[in-house]
Structures are given as structure tokens and as C-alpha cells.
There are 2 protein chains.
Amino acid sequence: MRILILGAAGMVGRKLTQRLCRDGSLAGQKITSLHLVDVITPATLEGAPFKVERGTLDISDATQMPALLTAEPQFIFHLAAIVSGEAEQNFEKGYAINMDGTRHLLEAIRLHANGYCPRLIFTSSIAVFGAPFPEAIEDDFFLTPLTSYGTQKAICELLLSDYSRKGFVDGIGLRLPTICVRPGKPNLAASGFFSGIIREPLAGQPAILPVSDKVRHWHASPRAAVNFLIHAAGLDTKLLGARRNITLPGLSVTVAEQIEALRQVAGEATVRLIKHQPDAAIDKIVAGWPQNFNAHRALDLGFRAERDFAEIIKVHIEDEMSGK
Amino acid sequence: MRILILGAAGMVGRKLTQRLCRDGSLAGQKITSLHLVDVITPATLEGAPFKVERGTLDISDATQMPALLTAEPQFIFHLAAIVSGEAEQNFEKGYAINMDGTRHLLEAIRLHANGYCPRLIFTSSIAVFGAPFPEAIEDDFFLTPLTSYGTQKAICELLLSDYSRKGFVDGIGLRLPTICVRPGKPNLAASGFFSGIIREPLAGQPAILPVSDKVRHWHASPRAAVNFLIHAAGLDTKLLGARRNITLPGLSVTVAEQIEALRQVAGEATVRLIKHQPDAAIDKIVAGWPQNFNAHRALDLGFRAERDFAEIIKVHIEDEMSGK
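Residues numbered from 1 in each chain as written. Chains lettered and ligands numbered in written order. Predicted model: local features only at pLDDT ≥ 70, side-chain atom pairs only at ≥ 80, totals over all residues.

**Describing the overall build of chain A**
Going by this rule: Helix numbering and strand numbering both begin at the N terminus, where a helix is a DSSP run of H or I of at least 4 residues and a strand a DSSP run of E of at least 2. The globule rule used here is 2.2 Å times the number of residues to the 0.38 power, and the radius of gyration it is set against is calculated over C-alpha atoms.
Assigned secondary structure in chain A consists of twelve helices and 14 strands. Taking 2.2 N^0.38 as the reference for a compact globule, 324 residues should give roughly 20 Å; the C-alpha atoms of chain A span a radius of gyration of 19 Å, in line with that estimate. By its C-alpha atoms, chain A is 60 × 45 × 40 Å across when sized along the principal axes.

The structure is reproduced here in C-alpha cells:
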């Protein structure tokens, strides 16, 4: 069985690749080949138990898409996107990558011959929702993005549903929580500090908190994100009906609760590395973000996230710091 | 003050044009010119109290858009679309006209110089919603289209909000109820029978009812539709916040209630012209459609529709049959 990953060089893409190499199978089927593409060439893989092909792709260029489908991969993970901050700064690039890119993929699948209809797992975002919100957002809350990024993801969700309804693709869209703790360097996402205030102090580095510690947000670990993708690949999509996009479970905590969990796991000296430096611009962006969901539907479908923030910190220490 | 109407040759476009000619003003401003475009040349106008220009436009061709904005119309009514039945039969044409066409317009406005930011009134549709529904759909119900047409309208709504949020356009999207009684010939819309069972019998012609008379649906007259557009042009869009798309008020009635109103207005002999011929295909499409809304937000903003179906029939008799 053949798998294609778009956006394979990103953080989630790399973790998914590692997991597939470890498992050797997906949705109960043995993997025979894995095709990794991104705007930069994904890193080489050592000792994968199947054939691995790596390539570059400009997802905004429709002409590059059909060649990706020559081998007719049965599973496609579409993780490619530019982040919220960049999509907000560069309007045209955001639409070209995040909206047109997804449409080009869907069109290439539709126009491919042989009745080809792959399972397409698309990473959407809770940014499809914008304030004002109820205390917890239900599964039938409306699409109200307050960013171009959220708008682009919401449009992709609608396309995914329509192409699935028409039988062109077997799509499932996953509204990922904010992934925390992100490993590595900060990216352009305005949500970066949610990870930074944990990751940097654990590494003995200072970190800046640009918002009040009363800010509440919705989190899941990178490990949970990969579990979501794997679970979605094996799901019976008949259970989704026409509603192909799902708000995933996560953990609703305040920044104060994040910091308290860090104190429990790593002690007071680590917490002291967090400096509060209010940033009105980030504060304004974050004020429009979702804080809490009732993800009944995803829970009923078997998706699972962490249950407390200490667990999220422990996942980071295990997966990124060799358990130390 | 200058007005541009896209889709001016359609039923609503023609009625809006007549109304503007009669009023001579819009949103408290005197109209100096009216530019009418459609895929076919809109009909000539007799005795308009302002300059009228007429032209053809292929809305799916992005290169034709910028020229429409040379005169910098302050108000743009974007009514151009292919109907649900045609968009479902012709997937590519539906996306090219209903989605790309709107995007081309928004892009041409964004890229126009001089800080140009017109009021754009866009006709969306209740087809952005698909079953299963609550008993009455609230303003915060989610976008769940079950047709390509509804998907395309929902995508345009999201684009309209994002372009408005960025300050490129001052947009307002109106989810029109099913317009009933439509004058003239049936079109390809699967909803055509809702008008046909009133219009044809009133004209002494037989009409076919393809669904059960228990089917409930959401209606407003063509006159109400024009009132919605006019009201939207004069609205303070600050009241909309970031949520630029509105479910309009309408009348929720069953087909049996429609027929009973026809009996009251025109008598038993007229009602006898309706023949029940079940059509499974139409039945299936209609089963996915909204039946009832609580349009609190639009009512608070001053939008008004008819209060009973006899009133809708009387509007048809007054406006289309010279009151007879």
C-alpha cells in the first residue's frame, strides 16, 4: 500500500513519517512505499521498512500535482500550509498555498483516471472559528474565522466535503488543537509562546510570555497529533456522513495552569525563566481564538488527546529530550 | 453615485433595476449611473432617471473584471450565479461561475488603486445549510452544504468576510430564502415547483407537484428579495462586526399551506390544476433543504419578509399579473 505526504518536512510531517517507519503499516495494511514531498526536500530516512521517495513541490502550481498521483497512493496526508502569522502578513501567498494548493490537489485527484479515490487526510485548524464564542464550542458551531489562515482552512473544509460527497475523494478534515509543546525553533505562528514558555525553560533558556496568564487555550501534543492522523486513516468514513470535518479533542487550560504544570514537573527554578512582557498585537490576535470545545463527535469516533497539561509536558520530555 | 449590477439580466437583477429606476436613489444618495452586466446583454431601459450602461461579462474570466471598476462604482450588487441544478450537473462550470467568478470580483476590487472600497451586496443562499437540522435553524448554525451550489456560496461568504475584514471591500452577504412566486418560465433549479404550483394555476395552466404536500420550506417574494438588497445597501455594516453574512427572514410553510393559501386567493378550480406526480430525484434533493429559521439577527437589522403565504400570492398577482 502506497502513501503520499504533502508537507512532509514540517514538524507534524516528520513525526508522522517516523511513526509510519516504526509501524510499517497503516489502517491494517502493510506499507510498500512512502512518497514525501514539501517545498524543501524532506530529510533522508535511515532503515525505513519500505521504499521511500522524496521530492519538492510548489503546491501553488497546479501543473505539478498530477505527477504526484502517478503511483496512485491509497492514502494521502495533506499537511502542507503556511502558518497563520505568515498568511496574515502575505495575503496572496496565503491564498495561493493554503487555499489554491488544496484545490489543485483535489482537482488532480478528480481528474485522475481509473476511478481513483484515495483516502485524503487533511489538517484543518481550530482557526476556522473566531470570537465571540460560547463557553465551550459545540460540534455544530458555525465557521467564523477572524484570520485569512482560518478562512483558507474553512474553504478547504468545504471543498473536501463537496469532493467527498461527489465521490471524487474519500476525505476527512481534522481541526487540530494548537500543537504544544512544539519542538525546535519558534515559527511565525502567533501561538508560538504557548510552546515557548514550556520548551525554553525546560532547556534552561529564558522565555517570554506576551499575554496574561488568564488566557485559556486548546492544546494537544505532537504525539497526539500523529495519533489523530493515524486514527483518521483507519476510520470508517461512512460514520462521518456528509460532514467530513471534525473538531478533535484537546485540553482546555489557562497559561497559569500550563505554568503550574511546569512547576510540578520541573520545579520553581524552571518556571522563573518565564518573563511576562505584554504584547498588545499578540494579545489582540489571541483574544479572537477558541478556548474550549465539546468535541463529542471526535470522542465518539475514538480520537483521544491528553487529559492534563503535565502529561503534555512529559510527552515533550520523552519525545524531544530523551526522557530527561 | 454609481451602481454596478452583476447578473442584471436575471429575475432578481431585472426587478432590482426597475426598482432603482423608480426610486432614483439608493441609501439616501442620488443615482447618477447604473452599469448592468450579465452573460447576456441586459434589456434596454425606458426613461431611467440616470445614465445606464449595459454590457456582457463572462464572470469566470478574471481578465474581464478590472474594466468593470474603471468608474469606481460605490455600490456593487453581485447576483450572478448558475442555479443549484446546473451547478450539480456541471461541476466545473459551477465552480468557475459561482466560486471563481466571485473571487475574481473580490480580487479586482482589492487590486484596484485609490483606496477603492465599495459596498458589495452579495446574494448567498440557504443552500449553505444541509440536513440534518434542528427544528428551526439559528443564526449560529454551521455551514453544511449538501450541494456544490451550496458549497460555492458558502466559500464566497467566507471570502467576502475575509476581504471585508482586511478592508478591501465593504461586503454583506444575504442568504435569500427560496424566491416564490418566481415569474416567467421554470429554470433548472430543483426548487422550481414551489413557484410552479402557484404561478401556472393562476395563469390557468396545469402544474406538477413532484413531492409530498407535507414538505416544509422557507419562502420570500421577489419583491421582498429586492427590498432585502436595497436595505442591505443602506445598512451600517459596523453593526455586522466580522460576521458579514446574514440569514434573511422568510416564511416557513408546507406545500399544503401554500395550496390552501392559493385556494383562499383563487378558489378550488385553480387548485385542481395541481397534479401530484412524485419524483424520487427531486424528493431526495428537497429532503436535504432547510425548512425553517430563526432569523433574529436579520430582523434586528431591520430586514422584513412576508408574514403569510396569501400575501406572497397577492404580491405575484400585483407585480406580475397587473393585479388580476
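And the narrative resumes.
**Some remarks on the relation of the copies chain A and chain B**
Note the cut-off: The fit set for superposing copies consists of C-alpha atoms from residues with pLDDT of at least 70 in both; the fit itself is least squares. It is the C-beta atoms, placed from the backbone, that decide contacts: two residues are in contact if theirs lie within 7 Å.
Of the transformation superimposing chain A on chain B, the axial component is 0.0 Å and the angular component is 180 degrees, with the fit at an RMSD of 0.0 Å. What the superposition gives is, in effect, a two-fold axis relating one chain to the other. Among all C-alpha atoms of chain A, that of F142(A) lies closest to the rotation axis, at 1.8 Å. In this assembly, 100% of the residues forming the interface of chain A have copies in chain B that are likewise at the interface, indicating an isologous arrangement.

**Digging into the domain arrangement of chain A**
Residue and element names in this part refer to chain A. Here is the rule: Each domain's extent is set by a domain assignment, obtained either automatically or from a database. Throughout, the ten residues Ala, Val, Leu, Ile, Met, Phe, Trp, Tyr, Cys and Pro are labelled nonpolar, Asp, Glu, Lys and Arg are labelled charged, and all others, Gly among them, are labelled polar.
Domain boundaries in chain A define domain 1 (2-177 + 219-247) and domain 2 (192-217 + 251-291 + 306-320). Computed from C-alpha coordinates alone, the two centres of domain 1 and domain 2 are separated by 27 Å. Facing the 13 residues of domain 1 at the interface are 13 residues of domain 2. When residues of the side of domain 1 that touches domain 2 are assigned to their parent elements, the largest contribution, three residues, is made by helix α7 (residues 222-234). Across the side of domain 1 that touches domain 2, the residue classes tally to nine nonpolar, three polar and one charged.

**Here's the deal with the sheet that holds strand β13 (residues 251-254) of chain A**
Residues and elements named next belong to chain A. Under the convention used in this document: The rule for pairing is simple: two strands pair if DSSP sees at least two bridges between them.
Across the sheet, three strands lie side by side as β9-β11-β13; this open sheet has mixed pairing. Strands with a single pairing partner mark the edges of an open sheet, and in this sheet they are β9 (178-179) and β13. Alignment of strand β11 (residues 216-220) against β13, held across four bridges, turns out to be antiparallel. Across the sheet, H219 pairs through a bridge with L251, a residue of β13.

**Observations concerning unusual backbone geometry**
Formally: Here a residue counts as buried when 20 or more other C-beta atoms sit within 10 Å of its C-beta, as exposed when there are 12 or fewer, and as partly exposed otherwise, the C-beta atoms being derived from the backbone.
A cis amide bond links C180(A) with the next residue in sequence, V181(A), at an omega value of 10 degrees. Tracing the backbone through its elements, the reader meets V181(A) in the loop between β9 and α6 (192-202). Across the junction of A131(B) and P132(B), the peptide omega takes the value 0 degrees, indicating a cis bond. Mapped onto the elements of the fold, P132(B) is located in the loop between β7 (119-125) and α5 (148-165). The backbone of E72(A) shows a phi angle near 50 degrees, a positive value even though the residue is not glycine. For E72(A), the location among the structural elements is in the loop between α2 (65-68) and β6 (75-78). Assessed through the 13 C-beta atoms surrounding it within 10 Å, E72(A) is described here as partly exposed.

**A word on the pairing of strand β1 (residues 2-6) of chain B**
Residues and elements named next belong to chain B. Along β1, four of the five residues are buried, which leaves the element largely enclosed by surrounding structure. In this sheet, strand β6 (residues 75-78) lies alongside β1 in parallel orientation, the contact comprising four bridges. Note that in β6 the partner of I3 across the bridge is F75.

**Notes on the sheet that holds β1(B)**
Residues and elements named next belong to chain B. Short version of the rule: Each axis is a line fitted through C-alpha atoms, and for a helix only the stretch in contact is used; angles between axes span 0 to 180 degrees, taken between their N-to-C directions.
Within the open sheet, the seven strands sit side by side as β5-β4-β1-β6-β7-β8-β12. Their pairing is parallel. With partners counted over all chains shown, the strands left at the sheet margins are β5 (51-56) and β12 (245-247), one partner each. Sheet twist, expressed as the average angle between the axes of neighbouring strands with direction ignored, equals 15 degrees. Packing of helix α7 (residues 222-234) onto the sheet brings it into contact with β6, β7 and β8 (170-176), and relative to β8 it is tilted by some 160 degrees.

**Here we look at helix α4 (residues 91-111) of chain A**
All names here are of chain A. Under the convention used in this document: Working rule for helices: expected span equals 1.5 Å times residues minus one. One axis fitted to the seven residues ending at a residue, another fitted to the seven starting there: the angle between these axes is the bend at that residue.
In a regular helix each residue adds 1.5 Å, so 21 residues correspond to 30 Å; α4 covers 28 Å between its end C-alpha atoms and thus fits that length. Maximum bend of α4: about 35 degrees, positioned at D100. For α4, the complete set of buried residues consists of G94, Y95, I97, N98, M99, G101, T102, H104, L105, L106 and I109. At its buried positions, α4 is contacted by β1 (2-6), α2, β6, α3 (84-89) and α5 (148-165).

**Concerning the interface of chain A and chain B**
The partner chain B presents 19 residues to the 18 residues of chain A that form the contact. Of the residues in the side of chain A that touches chain B, the class split is ten nonpolar, four polar and four charged.

**Some thoughts on the nonpolar core**
Inclusion rule: As used here, a nonpolar core is made of buried Ala, Val, Leu, Ile, Met, Phe, Trp, Tyr and Cys residues. They are joined through C-beta atoms within 7 Å.
Of all hydrophobic cores here, the largest spans 196 residues; its most connected members are L6(A), L248(A), L6(B) and L248(B). Summarising the domain contributions, this core has at least three residues from each of domain 1 (2-177 + 219-247) and domain 2 (192-217 + 251-291 + 306-320) of chain A. Residues in contact with L248(A), not counting those within four places in the same chain, are L174(A), R175(A), L176(A), P177(A), A220(A), F228(A), A295(A), A298(A), F303(A) and A305(A).

**Things to note about the packing of helix α6 (residues 192-202) of chain B against helix α8 (residues 255-266) of chain B**
Residues and elements named next belong to chain B. In plain terms, the rule: Here the angle decides the label: under 35 degrees means roughly parallel, over 145 means roughly antiparallel, 65 to 115 means roughly perpendicular, and every other value means oblique. Should the near helix be turned anticlockwise from the far one by less than a right angle, the crossing is left-handed, and should it be turned clockwise, the crossing is right-handed.
At a minimum axis separation of 10 Å, α6 and α8 run at an interaxial angle of 20 degrees. One way to sum up the angle between α6 and α8 is to call them roughly parallel. When you trace α6 past α8, the crossing you get is right-handed. Across the interface between the two elements, I197, I198, P201 and L202 of α6 pack against Q258, I259, L262 and A266 of α8.

**Thoughts on the pairing of β8(B)**
When a strand is regular, its side chains alternate between the sheet's two faces. Residue and element names in this part refer to chain B. Condition: Crossovers are marked right-handed if the path from the first strand over the helix to the second runs clockwise, as seen with the strands pointing away from the viewer.
Along β8, seven of the seven residues are buried, which leaves the element largely enclosed by surrounding structure. As defined by bridge partners, β7 adjoins β8 across seven bridges and the pair is classed as parallel. Residue pairing in the sheet places S124 in a bridge with R175 of β8. Assessed by its sense of winding, the connection that carries the chain from β7 through α5 to β8 is right-handed. Pairing between β8 and β12: three bridges, direction parallel. Its bridge partner lying in β12, L174 is registered against I246.

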